[in-house]
Amino acid sequence: MPAIPKRTDCDRPADEAEDLTALGPRERGKRDKQRRIAAAARQVFLEKGYDAATTREIAAQAGVSIGTVFVYARDKRDLLLMVVNDELDALTERGQRWVERPGPLLDRLAGFFAERYRYWLADPALARPTLEHTYDLLGEPGEPAEGSEPTQRFFARRRLMLAQLKTMVLQAQAAGEAAPDLDAERVASLFMALYVSEQRRWMQQAAPEPAAGIRQLRETLALVMRGVGTQG
């Protein structure tokens, strides 16, 4: 299946773009600066690499002062999240179709996560640092969203993904596919942890391929499913 095409926030279709006409001049200016900074961060990260990129270069590319950059992002990780947050939010919304689709739990989990594999491969230069530098943001399922706005969005998206996975587990339990006495939230957290671990390992390869990564994740999930299946 094709990878999700690369795009900047400025490239979004008209039906996805935010209508700024109803906002006041100050808010419009704020949104415009935020988008310019995110677009500049994407360009500099891709050209220089995450580690070599500097906030000063990003500020210059965006046409703002370095102080303005720090109004929207407290560090380079925040800038990285600003680049990917919109697209990852859209992926999570599309993931709802796997929650609503009937079929074996393993097939639905594989489809749910496969979209992310294809997304990350579209821009490995962004994917590798994003996966590396957000690993410690996993936290606990009930952990409150704290910190900067980009980090809060990361937590909010993770909670939504966990809720989607939990719903799929509950559906599998209702269908007799998974043991009814299991804590669905803990099982969902386990599925998430496996995905994060397998995906990071996959992206560390010199030339990762979506099919191979998804196959490995599916095999790992299948091993877990043997442990959560009913005993007959």
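Attention in this report is confined to the structure presented alongside it. The model shown is predicted, which means the values in this text are computed figures rather than measured ones. (Residues numbered from 1 in each chain as written. Predicted model: local features only at pLDDT ≥ 70, side-chain atom pairs only at ≥ 80, totals over all residues. Heavy atoms only, no water.)

Applying the stated criterion across every chain yields a total of 2 cavities of 30 Å³ or more. In this structure, the largest cavity occupies an estimated 270 Å³ of space. Taken together, 19 residues make up the lining of the largest cavity; nearest its centre are W120, T134, F154, Y195 and V196. Put simply, the parts of the chain that give the lining of the largest cavity at least two residues each are α4 (76–94), α6 (105–122), α7 (124–133), α8 (149–174) and α9 (184–203). For the lining of the largest cavity, the leading source of residues is α9, giving 5 residues. (1 Å grid on protein atoms, 1.4 Å probe; cavity = no way out; pocket = protein on both sides within 12 Å on 5 of 7 lines; lining within 4 Å. Points joined across faces, edges and corners; volume = space filled by probe spheres on them. Helix = DSSP H or I, 4+ residues; strand = E, 2+ residues; numbered from the N terminus.)

Now for the nonpolar core. Nonpolar side chains in soluble globular proteins tend to be buried together. Counting residues in each nonpolar core, the largest one holds 58 residues, and the members touching the most others are F45, L79, F113, W120, L165, F191 and Y195. In terms of residue count, the dominant contributor to this core is α9 (10 residues). (Core = buried A, V, L, I, M, F, W, Y, C linked by side-chain atoms within 4.5 Å. Buried < 20%, exposed > 50% of the residue type's maximum accessible area, 1.4 Å probe, protein only.)

Structurally, E198 can be placed in helix α9. Within polar-contact distance, the side chain of E198 engages the side chain of R201 at 2.7 Å. Those residues in contact with E198 that sit more than four places away from it in its chain are Y117, Q216, L217 and T220. (Polar contact = N/O pair within 3.5 Å; in protein donor to acceptor, adjacent residues only side chain to side chain. Contact = heavy atoms within 4.5 Å.)

A few words now on the pattern of salt bridges. Under the counting rule described, the total for this entry stands at 14 salt bridges. Between R42 and D123 there is a salt bridge, with its nearest N and O atoms 3.2 Å apart. A residue pair is termed long-range when its members are at least 10 positions apart, and R42 in helix α1 (residues 25–48) and D123 in the loop between α6 and α7 qualify at 81 residues. Classification of R42 by relative accessible area gives buried; the value is 8%. A salt bridge links R153 to D89; the shortest N-O distance between them is 2.5 Å. Note that R153 is positioned in helix α8 and D89 in helix α4, a separation of 64 residues in sequence. With a relative accessible area of 24%, R153 lands in the partly exposed category. Given a relative accessible area of 22%, D89 falls into the partly exposed group. Among the ionic contacts, a cluster of salt bridges with common partners joins D86, D89, R153 and R157. (Salt bridge = Lys/Arg side-chain N within 4 Å of Asp/Glu carboxyl O.)

This part is about α4. In this model α4 runs 28 Å from its N-terminal to its C-terminal C-alpha over 19 residues, within 8% of the 27 Å that 1.5 Å per residue would give. For α4, the principal kink sits at V84 and spans about 45 degrees. When you tally the buried positions in α4, you get 15 out of 19 residues, the bulk of the element. (Expected span 1.5 Å × (residues − 1). Bend = angle between axes of the 7 residues up to and from the residue.)

For the rest of this paragraph, the subject is the side chain of E115. Considering the arrangement of structural elements, one finds E115 in helix α6. For E115, a relative accessible area of 6% corresponds to the buried category. A polar contact is formed between the side chain of E115 and the side chain of W98, at a distance of 3.2 Å.

What follows deals with the packing of α4 against α6. Axis separation between α4 and α6 bottoms out at 10 Å; the angle between their running directions is 155 degrees. If you check the angle between α4 and α6, you find them roughly antiparallel. Two packed elements cross with a definite hand, and for α4 against α6 that hand is right-handed. Only E115, R116, Y119 and W120 of α6 make contact with α4, whose side of the interface consists of V84, E87, L88, L91, T92 and R94. Its residues placed into classes, the contact of α4 with α6 shows 5 nonpolar, 1 polar and 4 charged. (Axes fitted to C-alpha atoms, helices over the stretch in contact; angles between N-to-C directions. Parallel < 35°, antiparallel > 145°, perpendicular 65-115°, else oblique. Left-handed = near helix turned anticlockwise from the far one by under 90°. Nonpolar A, V, L, I, M, F, W, Y, C, P; charged D, E, K, R; others polar.)

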